[in-house]
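Architecture and fold: a report
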Amino acid sequence: MKKKRASAKEVYTLADLKNWRDVKPPVRLGVLGDPVEHSLSPQMQNAALKQSKIEMQYARFRISSNDLREALESIRKLEFVGLNLTIPHKVAALEFLDSADDNVKRIGATNVIKIENGKLRGFNTDGRGFARAVREEFSVDLRDLRILVLGAGGAARAIALQCAKENCERLVIANGTFEKGQKLADSLRDFFSGPKVFGPLPRLQAIPWEERAFQFQIANVDLVVNATPVGLNRGDASPIPARLLAPHVMVYDTIYSDKRTPLVSAAIEAGARAANGLSMLLHQGALAFEIWFQREAPLEVMRKAIL
Ligand code: NAP
């Protein structure tokens, strides 16, 4: 008699990892986070695996900060292929990696792990995913833009580094804790020492999280990026109100949602073009797939799965 196929659990825990009962196709990839229930990565990556005829599944793992070390040890033994990391593990996972690429070292956060011969190798695909998303949403390249980034956490550092690497025209960083924004700007100084000169404003600067500073900078940038969680929770206001935005700016909110985020609503109210973080989620996921399998990701199938 044919054995019935077992389907993967909605969410696995550390206890599941320690007493692993595999399913068919086997779970060999997953996202680690806490909370993790909201993650759209499984539907996106499972669609890609199916389309690519790779006999594996991708699952969610709810792992607390205290259990990260043990979870990664179990996953290493179970010969997984790769992982994504989300809140709160992107920074904490660094100490458990066997190696990290240059992006991870500079950003200080990893969102993708590839497991090879029992070794955990860390990558960060957020910056490149962001660049691809901006190109797709607005048909422009970062190198042609003056950019205001809100935030100085993991996502902001990945985005700011990518903007710097692509030699954007200007980069302005606004963060609640000013010193953190200043530190991020300082870490990117090398990229802006070249001869590209545009007018009297500094090509790289940190600004305080203040209305007057926003107002001045918005008149002098082309793209505003929200890399803070402001707008994620119900009742959150837009990090920048509509009255400070203007029709000439493009607005990219890294928060993803099937509804308009507060910042996207504010941008539309101001007559600006705006997009939310679904396209960044898609492209960082496609880049992760390419790291794990060394083959092109089926982008359109992945896009359909998250829309
Ligand atoms: P993080 O490391 O915790 O950093 C959070 C940043 O937001 C910090 O700079 C913090 O400022 C700032 N912040 C928090 N609350 C704020 C408030 N009320 N007002 C002003 N600033 C505030 O988080 P992260 O990993 O960078 O993630 C940030 C967001 O990026 C997430 O919420 C997620 O939506 C988004 N994201 C999207 C994708 C995608 O694929 N679309 C990928 C990664 C991240 P302080 O330094 O002053 O605390």
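Residues numbered from 1 in each chain as written. Predicted model: local features only at pLDDT ≥ 70, side-chain atom pairs only at ≥ 80, totals over all residues. Heavy atoms only, no water.

A closer look at the packing of helix α2 (residues 41–51) against helix α12 (residues 299–306)
Axes are the key here: two packed helices are described by the angle between their axes and the distance separating the axes. Here is the rule we go by: The angle between two axes is taken between their N-to-C directions and runs from 0 to 180 degrees, where each axis is a line fitted to C-alpha atoms and a helix contributes only its stretch in contact. Numbering of helices and strands runs from the N terminus, with a helix taken as a DSSP run of H or I at least four residues long and a strand as a DSSP run of E at least two residues long. Crossing chirality is assigned from the near helix's rotation relative to the far helix, an anticlockwise turn below a right angle marking it left-handed and a clockwise turn marking it right-handed. Contacts: residue pairs with any heavy atoms within 4.5 Å of one another. The classification used treats Ala, Val, Leu, Ile, Met, Phe, Trp, Tyr, Cys and Pro as nonpolar, Asp, Glu, Lys and Arg as charged, and all other residues, Gly among them, as polar.
Two elements in contact, α2 and α12, have axes whose closest approach is 8 Å; the angle formed by their N-to-C orientations is 145 degrees. Crossing angle aside, the handedness with which α2 passes α12 is right-handed. Every residue of α12 that contacts α2 at Gln43, Met44, Gln45, Ala47, Ala48 and Gln51 is listed here: Val301, Met302, Ala305 and Ile306. Each residue belonging to the contact of α2 with α12 can be placed in one class, and the counts come to seven nonpolar, three polar and no charged.

A look at the site of the ligand
Formally: The cutoff for a nearby residue is simple: one of its non-hydrogen atoms must lie within 4 Å of the molecule or strand. Within 3.5 Å is the distance limit for a polar contact, defined as a pair of N or O atoms, with the added protein rule that one can donate a hydrogen and the other accept it, and that residues adjacent in sequence qualify only through two side-chain atoms.
Near the ligand you find 24 residues, and of these Ala152, Ala155, Asn175, Thr177 and Lys180 are the closest. Between the ligand and glycine 277 there is a distance of 3.0 Å, counted from a nitrogen atom to a backbone nitrogen or oxygen. Elements supplying a minimum of two residues to the shell around the ligand: α7 (154–165) and α11 (278–293). Among the elements that line the shell around the ligand, the one with the most residues is α11, at three residues.

So, the nonpolar core
Quick reminder of the rule: To qualify as a nonpolar core, a set must consist of buried Ala, Val, Leu, Ile, Met, Phe, Trp, Tyr and Cys residues joined through side-chain atoms within 4.5 Å. Burial classes follow relative accessibility: with a 1.4 Å probe on protein chains only, a residue under 20% of its type's maximum area counts as buried, one over 50% as exposed, and anything between as partly exposed.
Ranked by internal contacts, the top residues of the largest apolar core, which has 35 residues, are Phe130, Leu142, Ile147, Leu171, Leu188 and Leu223. Elements with a minimum of two residues in this core: α6 (126–138), β7 (146–150), α7, β8 (170–175), α8 (178–187), β9 (204–208), β10 (223–226) and β11 (250–253). Examining the composition of this core, we find that seven residues originate from one element, α7, more than from any other. For isoleucine 147, the residues in contact, after removing those within four places along its chain, are Leu142, Cys163, Cys168, Arg170, Leu171, Val172, Val221, Leu223 and Val225.

Examining α7
As a reminder of what qualifies: By this rule, a helix spans an expected 1.5 Å times one less than how many residues it contains.
Relative to the 16 Å expected for twelve residues at 1.5 Å per residue, α7 spans 17 Å between its end C-alpha atoms, a close match to the ideal helical length. Among all positions in α7, only Ala156, Ala158, Ile159, Ala160, Leu161, Gln162, Cys163 and Ala164 are buried. Just downstream of α7 lies asparagine 167, where phi reads positive at about 60 degrees.

Let's talk about unusual backbone geometry
With an omega of -10 degrees, the peptide bond between lysine 24 and proline 25 qualifies as cis. Relative to the assigned elements, proline 25 resides in the loop between α1 (14–18) and β1 (27–33). For the bond from isoleucine 87 to proline 88, the omega torsion is 5 degrees, close enough to zero to count as cis. Take proline 88: it is sitting in the loop between β3 (82–85) and α4 (89–92). Unusually for a residue other than glycine, serine 139 sits at a positive phi of about 55 degrees. Relative to the helices and strands, serine 139 resides in the loop between α6 and β7.

Details of the pattern of salt bridges
Where charged atoms from two side chains of opposite charge approach closely, those side chains can pair. Condition: The term salt bridge refers to a side-chain nitrogen of Lys or Arg lying within 4 Å of a carboxyl oxygen of Asp or Glu.
Across all of its chains, the model carries 18 salt bridges by this definition. Here glutamate 37 and arginine 62 are joined by a salt bridge, their closest N and O atoms 2.4 Å apart. Here glutamate 37, found in the loop between β1 and α2, pairs with arginine 62, found in strand β2 (residues 57–62); they are 25 residues apart in sequence, far enough to count as distant. Judged by its relative accessible area of 35%, arginine 62 is partly exposed. Note that glutamate 300 and arginine 303 form a salt bridge whose closest N and O atoms lie 2.9 Å from each other. Highlighted residues: glutamate 300 and arginine 303, both in helix α12, separated by three residues, approximately one helical turn. Taken together, the shared-partner salt bridges connect Arg135, Asp141, Arg143 and Asp144 into one network.

Regarding the sheet that holds β10
Put simply, the rule is: We treat two strands as partners when DSSP finds at least two bridges between them.
Taken in spatial order, the six strands make up an open sheet running β9-β8-β7-β10-β11-β12, and their pairing is parallel. Each edge of the sheet is formed by a strand with only one pairing partner; in this case those strands are β9 and β12 (273–276). Across this sheet, the average inter-strand angle for adjacent strands is 15 degrees, counted without regard to direction. When β7 meets β10, the two strands line up parallel, connected through four bridges. Considered in β10, the bridge of valine 149 is made with valine 225. Packing of α6 onto the sheet brings it into contact with β10, β11 and β12, and relative to β11 it is tilted by some 135 degrees.

Section: the pairing of β10
The alternating pattern of β10 places Leu223 and Val225 on one face and Val224 and Asn226 on the opposite face, and all of these are buried. Sheet analysis places β10 next to β11, joined by four bridges and oriented parallel. Directly across from valine 224, in β11, lies its bridge partner valine 251.

Some details on the packing of aromatic side chains
Here is the rule: Here is the rule: rings of Phe, Tyr and Trp (six-membered ring for Trp) pair when centre to centre is within 6.5 Å. Planes less than 30 degrees apart are stacked, more than 60 are edge-to-face, and the remainder are tilted.
In total, this model carries nine aromatic pairs according to the counting rule given. Look at phenylalanine 289 and phenylalanine 293: their rings are 4.9 Å apart centre to centre, the planes differ by 50 degrees, and that puts the pair in the tilted class. Here the residue phenylalanine 289 and the residue phenylalanine 293 both occupy positions in helix α11, the gap between them amounting to four residues, near one helical turn. Through successive ring pairs, a cluster of aromatic residues spans Tyr12, Trp20, Phe61 and Phe80.

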